Amino acid sequence: MTQPVTQSSTRDRTDVQQRDVASALSAPRYGRLISWLLVLAVAVNFLWLVATNPNFEWGVVYQWFMDGSVMTGLKVTLGLTVVSMLLGVVIGLLLAVARLSDNRLMRGLAGLYIWFFRGTPLLVQLIFWYNMSTLFPQISLAIPFGGPVLASWNTNDLITPLTAAIAGLALNEAAYMAEIIRAGLQSVDNGQVETTQAFGMSRARALRRIIIPQAMRSIIPPTGNQLISMIKATSLVSVIAMGDLLYSVQAVYNRTFEIIPMLMVAVIWYLLITSVLNVGQSAIERYYARGTRRVVASSKKRPAANNMPAMAVRSLVQKEEQ
């Protein structure tokens, strides 16, 4: 015999349905909407003020934006960045390996180098390199302690504004890259190093085949930040009469006295370059982070990627020997 459906039981079922989490709706977030509207209003107002302010002289900005002298300075800036960054990464890698070495002398020399170049301002280093001839008018290759001179060069012929800029930027960058690479190498599990030693791999081979590829995921983000900082640091070479982007802009407004629009030309170019570098950095980070989400999602099924089993190392060794 079925029991009659009462009004109270119907109301109870309705209450249960209303309390179901699957059908729940979040409360309207009016505060977030208002904050978005306020920020959008402030941004639009700022852009309007900048666009309509006659003191920016946007016509002059447009006139000089693609000018030949500005393009020449831009090429110098990009060239300095690429060369100095490559040298900084190579020297930084050697310093990082020396810092992790068992040789106490190598560790001490690498630590001294990093201490000096990170402890002095980059601008001071650039000026020091540019005025090297004040300390050493001649650079000689000779036997120490008064021995015969094998070769000698005039310092002013060797230390030009270009070589001074590259030396100052690259050597300073190497000190920072050394610490970044060292931290990345130390982020690799110690079991990886022990496994490579057990299979008789040399230290250089283990770094190239096992350790550095795994450390790249930790090295790439700060290296990208250093590259962007290097783009902006090249503006300091203008003090040693190096014709970079900022120096080219300054040369123009020293003649025309159009300071603000010419500075806006430099600002826009720096923003464009750093924006492209940000996109490239994100793409490289995604490349070296491949499989990270899959490893996290299936961590119960297989070990993490940074705990590579010995058989995987064995297969790499066999592939290298073939």
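First things first, this report covers the structure right here in the doc. (Residues numbered from 1 in each chain as written. Predicted model: local features only at pLDDT ≥ 70, side-chain atom pairs only at ≥ 80, totals over all residues. Heavy atoms only, no water.)

**Let's talk about the overall build of the protein**
Piece 1. Tallying secondary structure elements over the protein gives 15 helices and two strands in all.
Piece 2. When burial is assessed residue by residue, the protein has 31% of its 322 residues classed as buried.
Piece 3. Long-range pairs, those at least 24 residues apart, make up 74% of the contacts in the protein with a sequence separation of at least 6. (Helix = DSSP H or I, 4+ residues; strand = E, 2+ residues; numbered from the N terminus. Buried < 20%, exposed > 50% of the residue type's maximum accessible area, 1.4 Å probe, protein only. Contact = heavy atoms within 4.5 Å.)

**Focus on unusual backbone geometry**
Piece 1. In this structure, E57 takes a positive phi of about 50 degrees despite not being glycine.
Piece 2. Following the sequence through the fold, E57 ends up in the loop between α2 (30–52) and α3 (58–65).
Piece 3. A positive phi angle is found at F257, which is not glycine, with a value near 60 degrees.
Piece 4. The residue F257 is located in the loop between α12 (245–256) and α13 (259–288) in this model.

**Let's talk about the nonpolar core**
The nonpolar side chains of a soluble globular protein tend to be buried with one another.
Piece 1. Judged by nonpolar contacts, the single largest core of 26 residues is most densely connected at L169 and V237.
Piece 2. Mapped onto this core, the elements with two or more residues apiece are α4 (68–99), α6 (122–130), α9 (161–186) and α11 (203–233).
Piece 3. Discounting residues that sit within four places of it in the chain, L169 has contacts with L80, S84, L122, L126, M230, A233, T234 and V237.
Piece 4. Membership of the second largest hydrophobic core comes to 22 residues, among which are V50, L245, V252 and I273. (Core = buried A, V, L, I, M, F, W, Y, C linked by side-chain atoms within 4.5 Å.)

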